[in-house]
Amino acid sequence: MMTVKYRIRCAESDIFVLEKQEGYHLTIGARVNPLSFGNKLAEYESLGAAVDAAEQFCKMYALSKEYGYHLESSKLQKEGKDPIHVPELLSSRLSAEQMRSMLDEEQAVMYI
């Protein structure tokens with residue numbers, strides 16, 4: 001059984017925290033398909049941690065899109081760059097400023 005515990009709109013997507021028997025899943029789904037709970041991005045033991053991760057992911061996702069990344073499965077991808085794994089990104093708990101610095105550094109490497 002699955003229950004939606006939290007939902008936020010983020011860009012053209014909805015981010016969900018779903019309660020499942022084994023814990024809480026952070027997922028993302030396109031708003032054009034309201035019957036889908038989308039791709040699983042990460043899993044958490046507590047609702048609070050999952051909600052915090054949902055809020056953080058929305059900020060990171062919007063920022064990464066500014067730099068030309070797109071979400072594929074549970075990775076942020078950009079041609080010519082190493083993928084950024086969403087679970088690791090979320091567990092690093094980077095601030096938006098730290099993420100922007102990381103992406104700026106990757107942009108600079110691309111032009112060297």
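The rules behind these values
- Note on numbering: residues in each chain are counted from 1, in written sequence order.
- Selection of residues for local features in this predicted model requires a pLDDT of at least 70, selection of side-chain atom pairs for listing and counting requires 80 or more, and totals for whole chains, interfaces and linings are taken over all residues.
- Water and hydrogen atoms were dropped before computing side-chain values, which therefore reflect all heavy atoms in the structure.
- Every helix listed is a DSSP run of H or I at least four residues long, and every strand listed is a run of E at least two residues long, numbered separately from the N terminus.
- The buried label applies to any residue whose accessible area, calculated with a 1.4 Å probe on protein chains only, is under 20% of its type's maximum; exposed applies above 50%, and partly exposed to all values in between.
- Pairs of N or O atoms are called polar contacts if they sit within 3.5 Å, as long as, within protein, a hydrogen donor faces a hydrogen acceptor (for residues adjacent in sequence, only side-chain-to-side-chain pairs).
- For this analysis, residues touch if any pair of their heavy atoms sits within 4.5 Å.
- Throughout, a disulfide means two cysteine sulfur atoms within 2.5 Å of one another.
- Pairs were defined over the aromatic rings of Phe, Tyr and Trp, the Trp ring being its six-membered one, requiring ring centres within 6.5 Å. Orientation was assigned from the angle between planes: stacked under 30 degrees, edge-to-face over 60, tilted for the rest.
- If DSSP finds at least two bridges between two strands, the strands pair.
- Expected helix span is computed as 1.5 Å times (number of residues minus one).

A.B. asks: Explain the side chain of Gln56 here, please?
C.D. replies: With respect to the helices and strands, the residue Gln56 is situated in helix H1 (residues 47–66). Given the relative accessible area of 10%, Gln56 is considered buried. From its side chain, Gln56 meets the backbone oxygen of Leu94 in a polar contact 3.2 Å long. If we ignore the near neighbours within four places in the chain, the residues touching Gln56 are Leu89, Leu90, Arg93 and Leu94.

A.B. asks: Where do I start with the state of the cysteines in this structure?
C.D. replies: A covalent bond bridging the sulfur atoms of two cysteines is what the word disulfide describes. The full count for this structure, using the stated rule, is one disulfide. The partner cysteine of Cys10 in its disulfide is Cys58, sulfur to sulfur 2.4 Å. With the S-S dihedral at roughly 105 degrees, the linkage between Cys10 and Cys58 falls on the right-handed side. One end of the pair, Cys10, is in strand E1 (residues 3–10); the other, Cys58, is in helix H1, with 48 residues separating them in the sequence. Judged on exposure class, the residue Cys10 and its partner Cys58 are both buried.

A.B. asks: What's the story with the packing of aromatic side chains in this structure? I'm lost.
C.D. replies: Two aromatic rings, taken as a pair, are described by how far apart their centres are and by the angle between their planes. Under the definition given, this model contains one aromatic pair. Ring centres of Phe57 and Tyr61 lie 5.3 Å apart, and the angle between their planes is 15 degrees; this geometry places the pair in the stacked category. Remark: Tyr61 and Phe57 occur in helix H1; sequence separation between them is four residues, near one turn of the helix. The pair formed by Phe57 and Tyr61 is uniform in burial state, with each residue classed as buried.

A.B. asks: Honestly, the pairing of E1 in this entry has me stumped. Any pointers?
C.D. replies: Taken residue by residue, a regular strand's side chains alternate between the two faces of the sheet. Two strands pair when backbone bridges link them, and E1 and strand E2 (residues 13–20) are joined in this way by seven bridges, in the antiparallel orientation. Looking at E2, one finds that Arg7 is bridged to Phe16. Remark: two residues form the turn of the hairpin made by E1 and E2, two consecutive strands paired antiparallel; Ala11 in that turn has positive phi of roughly 55 degrees.

A.B. asks: In this structure, what is going on with the sheet that holds strand E5 (residues 70–72)? I would like to understand it.
C.D. replies: The pairing of strands in a sheet comes from backbone hydrogen bonds and takes either a parallel or an antiparallel form. With respect to topology, three strands assemble into an open sheet ordered E5-E6-E7, the strand pairing being antiparallel. Each end of this open sheet is capped by a strand with a single partner; those strands are E5 and strand E7 (84–85). Sheet analysis places E5 next to strand E6 (residues 75–77), joined by three bridges and oriented antiparallel. Paired with Leu71 across the two strands is Leu76, which belongs to E6.

A.B. asks: Where do I start with H1 in this structure?
C.D. replies: Think of an α-helix as 3.6 residues a turn; residues three or four steps apart then line up on the same face. The end-to-end C-alpha separation of H1 is 29 Å, in line with the 28 Å expected for 20 residues at 1.5 Å each. When we look at burial in H1, the residues that qualify are Ala50, Val51, Ala53, Ala54, Gln56, Phe57, Cys58, Met60, Tyr61, Leu63 and Ser64.

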